[in-house]
Amino acid sequence: MPKLYINEGKKLSHINPEVYGHFSEHLGRGIYGGIYVGEDSDIPNVNGMRTDVVEALKKIKVPVLRWPGGCFADEYHWMDGIGPKEGRKKMINTHWGGVLEDNSFGTHEFMELCAQLGCKPYINGNVGSGTVREMSEWVEYMTFAGTSPMADLRRRNGREDPWRVDYFGVGNENWGCGGNMTPEYYGNLYRRYQTYVRNYNDQEPIFKIACGPNGDDYGWCESLMASCHNYMDGLSLHYYVCPNGWNHKGSATEFDKDAWYKTLDAALFMEELLRRHSAIMDRYDPEKKVGLIVDEWGNWFDVEPGTNPGFLYQQNSMRDALVAAVTLNTFNKHSDRVKMACIAQMVNVLQSVILTEGDRMLLTPTYHVFHMYRGHQGGDLLDSCLVGAGQTGTPEHKVPSLQESASRKDGVITVTLANLSMEEEYPVTAALAEMVPTQVEASILTGDMTAHNTFQEPETVKEAAFDAISCSGKEMSFTMPPCSVVSLRIR
Ligand code: AHR
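Residue positions are given per chain, counting from 1 as you read along its sequence in written order. Only residues with pLDDT of at least 70 get local features here, since the model is predicted, and only at 80 or more are side-chain atom pairs given and counted; chain-wide, interface and lining totals rely on the full set of residues. No hydrogens and no water enter the side-chain calculation; it runs on all heavy atoms of the structure.

Q: Looking at this structure, how should I read the state of the cysteines?
A: In a disulfide, the sulfur atoms of two cysteines are held together by a covalent bond. For the purposes of this analysis, a disulfide is any pair of cysteine sulfur atoms at a distance within 2.5 Å. Per the stated rule, a full pass over the model turns up one disulfide. Through a disulfide, C71 is tied to C177; the S-S separation comes to 2.2 Å. Judged by the sign of its S-S torsion, about -90 degrees, the bond between C71 and C177 is left-handed. One end of the pair, C71, is in the loop between β5 (64-67) and β6 (91-93); the other, C177, is in the loop between β9 (167-170) and α5 (183-195), with 106 residues separating them in the sequence. Note on exposure labels: buried denotes an accessible area under 20% of the residue type's maximum, exposed denotes more than 50%, and partly exposed covers the range between, all computed with a 1.4 Å probe on protein chains only. Relative accessible area serves as the criterion here: at 10%, C71 is assigned to the buried category. Owing to a relative accessible area of 30%, C177 belongs among the partly exposed residues under this scheme. For the unlinked cysteine C119, the closest cysteine sulfur is that of C114, found at 3.8 Å. C221 carries a free sulfur, and the closest cysteine sulfur to it, the one in C211, is 11 Å from it. In DSSP terms, a helix is any run of H or I states spanning at least four residues, a strand is any run of E spanning at least two, and both are numbered starting from the N terminus.

Q: Is there a simple way to think about the site of the ligand in this case?
A: Neighbouring the ligand are the residues F23, E25, G70, C71, W96, N172, E173, Y240, E296, W300, Q345 and L350. In the model, an oxygen atom of the ligand is placed 2.7 Å from a nitrogen or oxygen of the E25 side chain. Within the side chain of N172, an N or O atom sits 3.1 Å from an oxygen atom of the ligand. Reported accessibility uses the Shrake-Rupley method at a 1.4 Å probe radius. Residues are deemed covered only where the shown protein chains occlude them. Burial of the ligand by the protein chains amounts to 93% of its free accessible area of 290 Å². Residues are grouped as follows: nonpolar covers Ala, Val, Leu, Ile, Met, Phe, Trp, Tyr, Cys and Pro; charged covers Asp, Glu, Lys and Arg; every other residue, Gly included, is treated as polar. Within the shell around the ligand, the residues separate by chemical class into six nonpolar, three polar and three charged. Proximity is defined per residue: any heavy atom of the residue falling within 4 Å of a molecule or strand makes that residue near it. Each polar contact in these results corresponds to two N or O atoms within 3.5 Å; when the atoms are within protein, one needs to be able to donate a hydrogen and the other to accept it, and residues that are neighboring in sequence are counted only if both atoms are side-chain atoms.

Q: Explain unusual backbone geometry to me, please; I cannot follow it from the model alone.
A: Most peptide bonds take the trans configuration, and most residues that are not glycine carry a negative phi. The omega torsion of the bond from W67 to P68 falls at 5 degrees, within 30 degrees of zero and hence cis. By secondary structure assignment, the location of P68 is in the loop between β5 and β6. Looking along the chain, the bond that leaves G69 and enters G70 is cis, with omega of 20 degrees. Assignment of secondary structure puts G70 in the loop between β5 and β6. Even without a glycine there, the phi angle at K61 is positive, about 55 degrees. As for its placement among the helices and strands, K61 is situated in the loop between α1 (51-59) and β5. Of note, L350 is a non-glycine position whose phi angle comes to about 55 degrees, a positive value.

Q: Explanation requested: the packing of aromatic side chains in the structure shown.
A: The description of two aromatic rings rests on the distance between their centres and on the angle between their planes. Two rings from Phe, Tyr or Trp (for Trp, the six-membered ring) form a pair when their centres sit within 6.5 Å of each other. Planes less than 30 degrees apart are called stacked, planes more than 60 degrees apart edge-to-face, and all others tilted. Applying the stated criterion to the full structure yields 23 aromatic pairs. Taken together, a centroid distance of 6.4 Å and an interplanar angle of 80 degrees make the contact between W138 and F168 edge-to-face. Pair noted here: W138 is in helix α3 (residues 132-143) and F168 is in strand β9, with a separation of 30 residues, a long-range link. A relative accessible area of 0% places F168 in the buried class. Ring centres of Y186 and W220 lie 5.9 Å apart, and the angle between their planes is 25 degrees; this geometry places the pair in the stacked category. A residue pair is termed long-range when its members are at least 10 positions apart, and Y186 in helix α5 and W220 in helix α6 (residues 218-228) qualify at 34 residues. Of the residues examined, Y186 reaches a relative accessible area of 0% and is grouped as buried. Taken together, the ring pairs in this structure connect Y32, Y36, W67, F72, Y76, W78, F105, F110, W138, Y141 and F168 into an aromatic cluster. Above the face of the F23 ring, R66 is positioned so that its terminal group lies 4.5 Å from the ring centre. Criterion for a charge above a ring: Arg CZ or Lys NZ at most 6 Å from the ring centre, at most 35 degrees from the ring normal.

Q: How should I be thinking about the sheet that holds strand β8 (residues 120-125) in this particular structure?
A: DSSP bridges decide pairing: two strands pair if at least two such bridges lie between them. The sheet built from eight strands closes into a barrel, its strands ordered β2-β5-β8-β9-β10-β11-β12-β13 with parallel pairing. The mean inter-strand angle of the sheet, taken between neighbouring strand axes irrespective of direction, is 25 degrees. Relative to strand β11 (residues 234-241), strand β10 (residues 207-210) is paired through two bridges, and the arrangement is parallel. Counterpart to I209 in the pairing with β11 is G234. Contacts between residues were defined by any pair of non-hydrogen atoms, one from each residue, lying within 4.5 Å. Between N-to-C directions, angles cover 0 to 180 degrees, with each direction set by a line fitted to C-alpha atoms, over the stretch in contact for helices. Strand contacts of α3: β5, β8 and β9, with the helix running at about 160 degrees to β8, the strand carrying the most contacts.

Q: Even after reading the chapter, I still don't get the domain arrangement of the protein, so can you show me in this structure?
A: Frequently, the measure chosen for interface size is the accessible area removed from exposure when the parts meet. Domain boundaries shown here were taken from an automatic or database domain assignment. We note that the domain assignment places domain 1 (3-8 + 382-490) and domain 2 (16-377) within the protein. Its C-alpha centre places domain 1 at a distance of 29 Å from the equivalent point of domain 2. Between domain 1 and domain 2, the contact holds 47 residues from the first and 42 residues from the second. Buried area is understood as the total, over both parts, of accessible area removed when two parts are fitted together, assessed with a 1.4 Å probe. For the pairing of domain 1 and domain 2, the buried interface totals around 3,500 Å² over both sides, and the portion due to carbon and sulfur atoms is 63%.

Below, the structure is given as structure tokens:
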């Protein structure tokens, strides 16, 4: 029988709440319609933000939100999105679907959204097609309290106090859509642009993030660390699970056993990426002052039939839930280096936690995983290991049958486990080193591998209480059904 050992006396690292972060781009219905509907909409809203979506997001404690892109960031000129809305530039979103971008959601609206969510803003600046001055003035506009051209402009636009900008990204995917640069060229630009991302008002300095590698491009990581590690607080990493390749991504909801294990295998590759990028970073930064910021991750499948291919709107099944579960466990285990991660993307784009259609909203299986894992935010990672669980899968794609992580915060131990098998159940005994629990609360997410929520049946997959746990001293025993995620909260 698989046994999970949790050494509650051994703290390994701190899990930043930001590891459970999100990303929203001006892409498809990610912002317009999905989050922002405008103050005059019939859809209930507060200052233009959908009330249903904001309330649902508050329940998963969104810690940080990255905006405005993605590829959109390196084409975004922030001044187009401030001032009276009727005067804002109307333009084409050339990158995503060629639709009208009316700039009605800009800096003020983004900061309003963050305030409603209670999350930290992560602004991604434009290096690809923007100037140093433009980036520098955006920071001045947002954060300077005194008298200056940009601070005064902000006041004229109705905002007296500066906002706090916690995180600032200097370009996005500059090896690709952000300018097709070499690492040497971008490294030089990074050093220059970041110089003018000023810290005003004696507040906590802005955390500056350099554009990091695309997946396993270890050369980019090496080059950026060599040239810039003293000038950055974080280095980004983007990795999407697209196991069939970019031309034949496959359906989000119609897939077979092979695709199930192939996808999970590809998701587990995140572990190797974190290990190898961390090893490079360790050589330049043994004290781990520079965070690895996985600010785009998730599944990338075919768009839903009949939808705009440029909108990247995809459904979300139990397969997405398992990918989220194993990826978040992996981030927890690497939280000594991984200081932030943002799922792509929060609403209606790629592996979303929420889908909307008109005034309707549904919570995806991935949403429920974020809810079940929320106890890890700000916790201390505990030493844990699974023994005797073995492997499952196909001959080409073997994956561990079970995978886990454990943390403690405010005296509560959170343990999250994933059963990667789509057909086998596993009895599990979880054993603490010394503590005898007085209370164990648990929840479970399970269903057929393709199970998903629709607007007609929005609760096919949902988190449920999990009571079938027997406790004996320091041990808790239960059976994990196939294709399931379990969360234990132990006191
Ligand atoms: O998340 C969708 C796109 O994927 C982003 O705009 C880009 O950064 C990445 O290639």
